[in-house]
Amino acid sequence: MSLQRKRLDWKSIARVKVFSFWEILAFVVFVLFVAYLLFPKGKIEEFFVEDPNYNYPLAKYYVESVLAHSKSPRLVFTLVEKNLSVGEFGRAYDLLNRYAGILNAPGYRDKFFALKLKALLGLYSTARPAEKELYREKVVALLKKLLNSGGVSSLEAVYSTALTIGALDVAESAAYKLALLTGEERWLRKAIDLAWAEGDTSTLKGLLELCLSRCRLSDADLKKFFTVTLQIKDEKLYTEVARRLIDRGVFTYQDLKKLIDVELAKRNYRGALDFCRVFLKRNGSFKVLKECLNLAMWSGNRGVVEELIRENLGRYTSKDALSFFLKVAVAQNLRRLSVELADRLLKQYGGEK
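Before going into details, it helps to say that this report is about the structure given with it. (Residues numbered from 1 in each chain as written. Predicted model: local features only at pLDDT ≥ 70, side-chain atom pairs only at ≥ 80, totals over all residues. Heavy atoms only, no water.)

Topic: the nonpolar core
A general feature of soluble globular proteins is that nonpolar side chains tend to end up buried together.
At step 1: Formed by 100 residues in total, the largest nonpolar core has its most connected members in Phe 226, Phe 251, Leu 256, Ile 309 and Phe 325.
At step 2: Looking at this core, the element that brings in the most residues is helix H9 (residues 109-126), giving eight residues. (Core = buried A, V, L, I, M, F, W, Y, C linked by side-chain atoms within 4.5 Å. Buried < 20%, exposed > 50% of the residue type's maximum accessible area, 1.4 Å probe, protein only. Helix = DSSP H or I, 4+ residues; strand = E, 2+ residues; numbered from the N terminus.)

This is the structure in structure tokens:
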């Protein structure tokens, strides 16, 4: 065969018939008509969603063809949901961004953000290690946006998603907003736990104040709050919680020691003494009385020392108690009280004046 025969016959190619515009249009119309027969009117979404094996490639082609001429939010959502169901998270995410103008609108916004979040989570969960942090940042950014634009169901999704990816600050904000919107204590308690875990002291104080005024608190709740308020060193809060514990009769000497340690660390002897005296009125043990007397001496308040001893002379009359009172009175140079105490001790031992 000669080289001339091997050469392309450009003239023959030029004579090949090119379809006209109307012929191409007729073909497209025919394809759409066939799709119409395959997918009865009004049933395309049902085929997409309910029957995943119903010729998905052709169905997808049909919907994309329709969207080229008619921007229907319902069809976009249908296609996005189908893509999500088969693991095409990137395609679903791109579709949502492409049609954001018609989807991020009243009536569609909640579903738009819900699907976008689902797509991003799919991308995050399937991403390579090098890309995982990038998608996590996108998820967090969307969650923060939803904090200010979503309703209760949206905020609940934000809360659970934020916990899943370890965005505790976002979860805390969502729980707090849910507490305000729903009035449910469980959300307020969750927000407190997260703020404590995050070390968000300023937010934690406000949450605790709110819960102390709104929540039905058990003894265990108050014990927990007492520990928290001591750790953040909020005098107003731990004093309030401690008083409630005292009123319920569940405040212990160990709790008192913890509170005193915090007050002494601030050199607030007067505050420690005042609280010790409140506890003494309810508890009345000699151990607590000795603690109060020591605080009164450290604060240099001789008048309170004498007052405490005289108030409790009728209650504690043993030799050990009187001996302790005498030592304190002598150390504080309370002469008249010292003489009275010495006289009582002499009588206890059977001696004479």
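Some points on helix H13 (residues 185-198)
At step 1: Its 14 residues place the ends of H13 20 Å apart at the C-alpha level, agreeing with the 20 Å of an ideal helix rising 1.5 Å per residue.
At step 2: Buried within H13 are the following residues: Glu 185, Trp 187, Leu 188, Ala 191, Ile 192, Leu 194 and Ala 195.
At step 3: For H13, the elements touching its buried residues are helix H11 (152-165), helix H12 (168-182), helix H14 (201-214) and helix H15 (219-231).
At step 4: Once H13 finishes, Gly 199 follows within two positions and takes phi at roughly 75°, a positive value. (Expected span 1.5 Å × (residues − 1). Contact = heavy atoms within 4.5 Å.)

What to know about the state of the cysteines
At step 1: Considering all chains together, one arrives at two disulfides under this definition.
At step 2: There is a disulfide in this structure between Cys 211 and Cys 215, and the S-S distance comes to 2.3 Å. The S-S bond linking Cys 211 to Cys 215 shows a torsion near -115°; that makes this disulfide left-handed. The burial state of Cys 211 is the same as that of Cys 215; both residues are buried.
At step 3: Put simply, Cys 276 and Cys 292 are joined by a disulfide, and their sulfur atoms are 2.3 Å apart. Between Cys 276 and Cys 292 the disulfide shows an S-S torsion of about -100°. By sign, it is left-handed. You can see Cys 276 sitting in helix H18 (residues 269-283) and its partner Cys 292 sitting in helix H19 (residues 286-298), a full 16 residues away along the chain. One exposure class covers both Cys 276 and Cys 292, and it is buried.
At step 4: Ordinal numbering of bonded cysteines along the protein chain defines a disulfide pattern of 1-2, 3-4. (Disulfide = S-S within 2.5 Å.)

Comments concerning the pattern of salt bridges
At step 1: For the structure shown, the criterion picks out 22 salt bridges.
At step 2: The partner of Glu 185 in a salt bridge is Arg 216, with the nearest N and O atoms 3.3 Å apart. In this pair, Glu 185 is assigned in helix H13 and Arg 216 in the loop between H14 and H15, connecting sequence segments 31 residues apart.
At step 3: Residues joined in a network through salt bridges with shared partners are Glu 185, Arg 189, Arg 216 and Asp 221. (Salt bridge = Lys/Arg side-chain N within 4 Å of Asp/Glu carboxyl O.)

Section: the packing of helix H6 (residues 73-85) against helix H7 (residues 89-98)
In a packed pair of helices, the relevant descriptors are the angle between the two axes and the axis-to-axis distance.
At step 1: Interhelical geometry of H6 versus H7 gives an angle of 160° and a closest axis separation of 7 Å. In terms of their interaxial angle, H6 and H7 are classed as roughly antiparallel. Considering only the axes of H6 and H7, their crossing is left-handed. Contacts from Leu 79, Val 80, Asn 83 and Leu 84 in H6 reach Phe 89, Arg 91, Ala 92, Leu 95 and Leu 96 in H7.
At step 2: A breakdown of the residues in the contact of H6 with H7 according to their chemical character gives seven nonpolar, one polar and one charged. (Axes fitted to C-alpha atoms, helices over the stretch in contact; angles between N-to-C directions. Parallel < 35°, antiparallel > 145°, perpendicular 65-115°, else oblique. Left-handed = near helix turned anticlockwise from the far one by under 90°. Nonpolar A, V, L, I, M, F, W, Y, C, P; charged D, E, K, R; others polar.)

Topic: the packing of H18 against H19
At step 1: Running from N to C, H18 and H19 cross one another at 155°; their axes reach a closest spacing of 9 Å. Relative to H19, the element H18 lies roughly antiparallel. As H18 runs across H19, the sense of the crossing is left-handed. Counting all contacts with H18, which are made through Tyr 269, Ala 272, Leu 273, Cys 276, Arg 277, Phe 279, Leu 280 and Asn 283, the residues of H19 involved are Val 288, Leu 289, Glu 291, Cys 292, Leu 295, Ala 296 and Trp 298.

Read these as spatial facts, not as claims about activity.
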